Amino acid sequence: MKWLPVFLDVRRGSVLLVGGGELARAKLRILSAAQAEVRWHATDGDYDLAGVDPEAATRTTFDMRDPATIDLGGVVAVLCAGAGEVGLAVAARARAAGVPVNVMDDLAHSTFIFPAIVDRGDVVVAIGTGGASPVVARRLRERIEALLPSRIGDLAAFIGRWRPSINARIAQPSLRRRFWERVVDGSIGAEVLAGRGDAAEAGLRAIADPSAFVGGTQGAAEGHVTLVGAGPGDPDLLTVKGLRALQDADVVFHDELVSPEILDRIRRDAARVPVGRRIGKPGIGQEAVNRLLIEAARAGQRAVRLKGGDGYVFGRGGEEVNALRDAGVSYSVVPGITAALGAAAEFEVPLTYRHEARRVTFLTAHKAADAADVDWSALTDLEMTVVVYMGMTAAPAVRAGLLAAGRSPLTPVGVFARVTRPNSRAAVGVLDDLPELATQVDGGPAILVIGDVVAHSAPWRASALAHQHPNLLMAAE
Ligand code: SAH
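Notes on the structure follow. Being a predicted model, the structure only gives us computed values, none of them experimental.

The next thing to look at is the sheet that holds strand E5 (residues 101-103). As summarised here, the arrangement of the five strands in space is E3-E2-E1-E4-E5, forming an open sheet in which the pairing is parallel. What marks the edges here is a single partner per strand, and that holds for strand E3 (60-62) and E5. Strand-to-strand, the axes of this sheet are offset by a mean angle of 20°, without reference to chain direction. Sheet analysis places strand E1 (residues 14-18) next to strand E4 (residues 75-80), joined by five bridges and oriented parallel. Paired with leucine 17 across the strands is leucine 79, a residue of E4. In the packing of helix H3 (residues 84-97) onto the sheet, the strands contacted are E1, E4 and E5, and the crossing angle to E5 comes to about 155°.

Next comes the structure, spelled out in structure tokens:
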């Protein structure tokens, strides 16, 4: 570590900004967020405040003196933004006077550098790379932005307001720390993060005896189960909320279908329990999964139930949530990108299309026996795109059902396997060839998509089909 991270109170004096143009305005915006009084010296007379918060503008005064004569008294920091020789001269004087100075993109003349900042009010995260790579710092910032609940600053401010009065009632430092941990981890903290500040205030006000609160069960970390949809495979398709739940979890119960890259995003210290079944391999059973979730929550754990795609699309999420509700366990549900939407985006299959495909049906045909239960006659609508989950082994039955219901053997179809993963595969063709296409993708998981919209897809456009069946493409256009 070559640079010591510190937080500077710029309101104790003024900040001298040297230089003009967009670089200087960018610094003004940061200074404005920190409520600094700025004295701005621009050699070229460029004091354009375009894009700067009007409040910051009112705290900005223009210093017209010769820079050699600028008085550094009361200056807490000097920033030089693209100010050339003049900037370097002011920077040298600042260094000699012991005033912190930053010359943009010039480590040799700077005594401090600007970090990438995540600003959540009272909570600020600063990321530095010692000036080596602002791009790396920015990427890290994006990740941290995604992880921090948006109201974390409110939580810090809430505690800041209450600390004097509570601390006056708890003499022992270790007890104080436990008290605040309990507030942050328990229901009061959750209320603040959910934007229910009033309920949080009421909760804290209701604590008559802080020591008893620490020892007792009131407000203790209560268990919670979050049902998280992991999406089809690409970890970047996790929602921000889903990622946060994974980073916050004590234990994660996951399906086999969830990709290793996503499991890598789980908090390192969290326990991981695979509970899913795989084709040909039984899992522990739905009842047992429900029981594990309930037990974890009752033990005060933050449990995540992580499922491929979306938990409410052929994911048995409904049953798990019912079991949690019956058991009186607190839970929440975070959606995921279901396989059909992953395939649509990756292979450019518009599931609906103006005037051509007005409806979409998701159905499952796990075994030929399931396929026999499907009411195929309901799927003859030419303006309906049909997506079949778990349909690989039943592909012959799907074909037979749709043909018997009167769909054309020339209807475009696609088999999309391992979508959004590095080894994804697609095979496209016509309904008549569906069973054959299903053998061409080297295994699952895969979905079948049946409907004219497949003729818009990238693999169709890239294949000879576009020429063999120009009428289909035209019909689709
Ligand atoms: N809840 C999941 C579906 C679970 S059922 C979701 O919303 O996507 C399992 C079936 O989902 C598989 O048989 C397959 O048809 C489909 N599936 C899941 N992940 C897939 C992927 N990455 N690519 C293609 N199909 C997938």
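Next, the rest of the story.
So, on to the environment of valine 38. Along the polypeptide, valine 38 turns up in strand E2 (residues 37-41). The class for valine 38 is buried, based on a relative accessible area of 4%. For the pair valine 38 and aspartate 63, spaced 25 residues apart in the sequence, the C-alpha separation amounts to 9.7 Å. Every residue in contact with valine 38, bar those within four places of it in the chain, is listed here: Val15, Leu17, Leu28, Leu31, Arg59, Thr60 and Thr61.

Attention shifts here to the site of the ligand. Taken together, the neighbourhood of the ligand is formed by 18 residues, with Asp310, Val313, Thr338, Met390 and Ala446 sitting nearest. With respect to the ligand, the side chain of threonine 338 contributes an N or O atom lying 2.6 Å from an oxygen atom. In this structure, methionine 390 approaches the ligand through a main-chain N or O atom, which is 2.9 Å from an oxygen atom. Within the complex, 92% of the 540 Å² of free accessible area of the ligand lies under protein. Classifying every residue of the shell around the ligand gives 12 nonpolar, three polar and three charged. Two domains share the shell around the ligand, each providing at least three of its residues, namely domain 3 (224-334) and domain 4 (340-476).

Let us now look at the nonpolar core. Core analysis: the biggest nonpolar cluster contains 25 residues, and Leu379, Val388, Val398, Leu434, Leu448 and Ile450 have the highest contact counts within it. Contributions of two or more residues to this core are made by strand E14 (384-389), helix H16 (395-404), strand E15 (412-417), helix H17 (434-438) and strand E17 (446-450). Discounting chain neighbours no more than four positions away, the residues touching leucine 434 are Ala395, Val398, Arg399, Val413, Val415 and Leu448. Of all hydrophobic cores here, the second largest spans 24 residues; its members include Val118, Val123, Ile152 and Val192.

Once that is clear, we can look at the environment of valine 6. Locating valine 6 in the fold gives a position in the segment before E1. For valine 6, a relative accessible area of 57% corresponds to the exposed category. C-alpha of valine 6 to C-alpha of tyrosine 353: the two residues are 347 residues apart in sequence and 55 Å apart in space.

Spanning 13 residues, helix H6 (residues 173-185) covers 18 Å between terminal C-alpha atoms, matching the ideal 18 Å at 1.5 Å per step. Considered for burial, the residues of H6 that qualify are Leu175, Phe179, Trp180 and Val183. Buried positions in H6, seen along its axis, are confined to an arc of 135° and lie on one side of it. Where H6 is buried, its residues contact helix H5 (152-169), helix H7 (187-193), helix H8 (197-205) and helix H9 (210-215).

With the rule as written, the count across this model stands at seven aromatic pairs. Judged by centre distance (6.1 Å) and plane angle (45°), the rings of tryptophan 40 and phenylalanine 62 are tilted. Placement of the pair is tryptophan 40 in strand E2 and phenylalanine 62 in strand E3, with a sequence separation of 22 residues. On the accessibility criterion, phenylalanine 62 (39% relative accessible area) is partly exposed. Taking the centre distance of 4.9 Å and the plane angle of 55° together, the rings of phenylalanine 314 and tyrosine 389 count as tilted. Taken together, the residues span a long stretch of sequence, with phenylalanine 314 in the loop between strand E11 (302-307) and helix H13 (317-326) and tyrosine 389 in strand E14 at a distance of 75 residues.

Along the chain, serine 32 turns up in helix H1 (residues 21-33). Ignoring sequence-local partners within four residues, the contact set of serine 32 consists of Asp53, Ala56 and Arg59.

Procedures and definitions
Residues numbered from 1 in each chain as written. Predicted model: local features only at pLDDT ≥ 70, side-chain atom pairs only at ≥ 80, totals over all residues. Heavy atoms only, no water. Pairing = 2+ DSSP bridges. Helix = DSSP H or I, 4+ residues; strand = E, 2+ residues; numbered from the N terminus. Axes fitted to C-alpha atoms, helices over the stretch in contact; angles between N-to-C directions. Contact = heavy atoms within 4.5 Å. Buried < 20%, exposed > 50% of the residue type's maximum accessible area, 1.4 Å probe, protein only. Near = heavy atom within 4 Å. Polar contact = N/O pair within 3.5 Å; in protein donor to acceptor, adjacent residues only side chain to side chain. Areas by Shrake-Rupley, 256 points an atom, 1.4 Å probe, with all protein chains shown as cover. Nonpolar A, V, L, I, M, F, W, Y, C, P; charged D, E, K, R; others polar. Domains from an automatic or database assignment. Core = buried A, V, L, I, M, F, W, Y, C linked by side-chain atoms within 4.5 Å. Expected span 1.5 Å × (residues − 1). Arc of directions from axis to C-beta. Phe/Tyr/Trp six-rings, centres within 6.5 Å; stacked < 30°, edge-to-face > 60°.

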